[in-house]
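# Chains, contacts and geometry: an overview
Here is what each chain is made of, one letter per residue.
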Amino acid sequence: MEFMVPIDIKKPARQITYGNRLLLVGSCFTEHIGQTLSDLKFSVLQNPHGILFDPASVTGSLLACVENRAYSPDDLFQLNELWHSWDHHSRFSGTDPASCLHAINASLQQAHAFLKQADWLIITLGSAFSYRLTGEAARAAVPNSRIMVPGRPVANCHRAPAQWFQKHLMAIEEIQAALDTCYHRLIRFNPNLQILFTVSPVRHIRDGVVENNRSKARLLEAVHHLTAKFPNLYYFPAYELVIDVLRDYRFYDADLVHPNYMATEFVMERFSEACVTEESRQLMQEVRRLTIARKHKPFHPHTVAHRQFLQSHLEKARILAARYPFLDLREELAYFGGAQ
């Protein structure tokens, strides 16, 4: 008897392996994937502009990374005592404009260099709704007027007044055009880049249930159009795994919107099976055991048993580091070696 709808996950022609460099961009679900891969010691850089949801913001971020765009004080505005950028998540906002600008440009320069050598780009789109500035923003007594142009898409609203924005549901053709243009710029910049798309299973209920489904449908159609068009683009069905395979609110957090730990682990297991090489999956298990041991909190840290535990895992970390020089195990080596 089947208790889950079977799903055929197509493996990409090339699979991810340790030693690959992975850039991840997009919604909060990107952070789940990226953090898991980072914990497993893959070479990962994620969201150089912070969490982004819509295709206009995601492609804008990627093009800025390709161009190595330098942001200036004219790209910032002050609101509610903080300085912000319309192109960035609020984690880049701050009370000091110079510090804010430094963080933005440092992140972008790092992403530019990383993307040039990256093997994989994983893009997770969250919503087809894009927020655009209105004339109210342009008329507001907020510097800088140069970046308050009506119609300008914003990556984050930064709690600005609602009348500053128009909510725009991007058309399928509009999404396809943005992704297509971005794809060609990326491949010219890094011809060896493999691109993997996912659509976030996080439901944007604040848009409305019907509106959320329309939004996700447009993302799915646009992404599948591109993956059918170009040979080095792939789709991983994170959205379908949660919505159509798990299909149960026990796999969601209390807000009934965000997939919980069990759901994200289920998705990551399917992701590993489809997108990561067999050899790397075996190494992932060894690394996972080591990282779990590092997070172990001893009740009696001064006992002989705990010292033996540390010594045993120090040896395992040294063996792994010698066998696989590309693994960054400095944190584990320092913990097991320095806590004795």
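A few points on the structure. (Residues numbered from 1 in each chain as written. Predicted model: local features only at pLDDT ≥ 70, side-chain atom pairs only at ≥ 80, totals over all residues. Heavy atoms only, no water.)

The next thing to look at is helix H9 (residues 278-294). When the terminal C-alpha atoms of H9 are compared, their 25 Å separation across 17 residues agrees well with the 24 Å that a helix rising 1.5 Å per residue should span. Residues of H9 that are buried: Ser280, Leu283, Met284, Val287, Leu290, Thr291, Ala293 and Arg294. Packed against the buried residues of H9 are helix H1 (28-39), helix H8 (261-275), helix H10 (304-323) and helix H11 (330-338). (Helix = DSSP H or I, 4+ residues; strand = E, 2+ residues; numbered from the N terminus. Expected span 1.5 Å × (residues − 1). Buried < 20%, exposed > 50% of the residue type's maximum accessible area, 1.4 Å probe, protein only. Contact = heavy atoms within 4.5 Å.)

Quick look at the packing of aromatic side chains now. Enumeration over the complete set of coordinates arrives at 11 aromatic pairs. Relative to Phe42, the ring of Tyr18 has its centre 4.0 Å away and its plane inclined at 10°; by these criteria the two rings are stacked. In this pair, Tyr18 is assigned in the segment before strand E1 (21-26) and Phe42 in the loop between H1 and strand E2 (43-46), connecting sequence segments 24 residues apart. The pair Tyr18 / Phe42 is uniform in exposure class, with both members buried. With a centroid separation of 5.8 Å and an interplanar angle of 50°, the aromatic rings of Tyr249 and Tyr252 are classed as tilted. Put simply, the rings of Tyr18, Phe42, Tyr324 and Phe326 pair up and form one aromatic cluster. Its end group placed over the ring of Phe114, Arg21 keeps NZ or CZ at 4.3 Å from the ring centre. The ring of Phe189 carries Lys116 above its face, with NZ or CZ at 4.7 Å from the centroid. (Phe/Tyr/Trp six-rings, centres within 6.5 Å; stacked < 30°, edge-to-face > 60°. Lys NZ or Arg CZ within 6 Å of the ring centre and 35° of its normal.)

Where burial is concerned, most of strand E6 (residues 129-133) is hidden: four out of the five residues are buried. Relative to strand E8 (residues 165-169), E6 runs antiparallel, the two sharing five bridges. The residue bridging Ser130 from the neighbouring strand is His168, located in E8. (Pairing = 2+ DSSP bridges.)

Side chains that are nonpolar tend, in soluble globular proteins, to be buried together. Membership of the largest hydrophobic core comes to 43 residues, with the highest contact counts inside it found for Ile16, Tyr18, Leu22, Phe42, Leu196, Phe236 and Phe271. Counting only elements with at least two residues in this core, the list comes to E1, H1, strand E5 (120-125), helix H7 (238-246), H8, H9 and H10. Counting residues per element, this core draws most heavily on H8, at seven residues. With sequence-adjacent residues up to four places away left out, Ile16 is seen in contact with Leu22, Phe42, Trp120, Ile122, Phe271, Cys275, Val276, Thr277 and Ser280. Formed by 41 residues, the second largest nonpolar core is a distinct cluster that contains Leu23, Leu52, Tyr183 and Leu226. (Core = buried A, V, L, I, M, F, W, Y, C linked by side-chain atoms within 4.5 Å.)

Moving on, we come to the packing of H10 against H11. When two helices pack together, their arrangement is captured by the angle between the axes and the distance separating the axes. Look at H10 against H11: their axes get within 8 Å of each other, and the N-to-C directions meet at 150°. In this view, H10 runs roughly antiparallel relative to H11, as classed from their interaxial angle. Once H10 is placed against H11, the crossing between them reads as left-handed. Residue-level contacts link Phe309, Leu310, His313, Leu314, Ala317, Arg318 and Ala321 of H10 to Leu333, Tyr335, Phe336 and Gly337 of H11. Looking at the contact of H10 with H11, its residues break down into eight nonpolar, two polar and one charged. (Axes fitted to C-alpha atoms, helices over the stretch in contact; angles between N-to-C directions. Parallel < 35°, antiparallel > 145°, perpendicular 65-115°, else oblique. Left-handed = near helix turned anticlockwise from the far one by under 90°. Nonpolar A, V, L, I, M, F, W, Y, C, P; charged D, E, K, R; others polar.)

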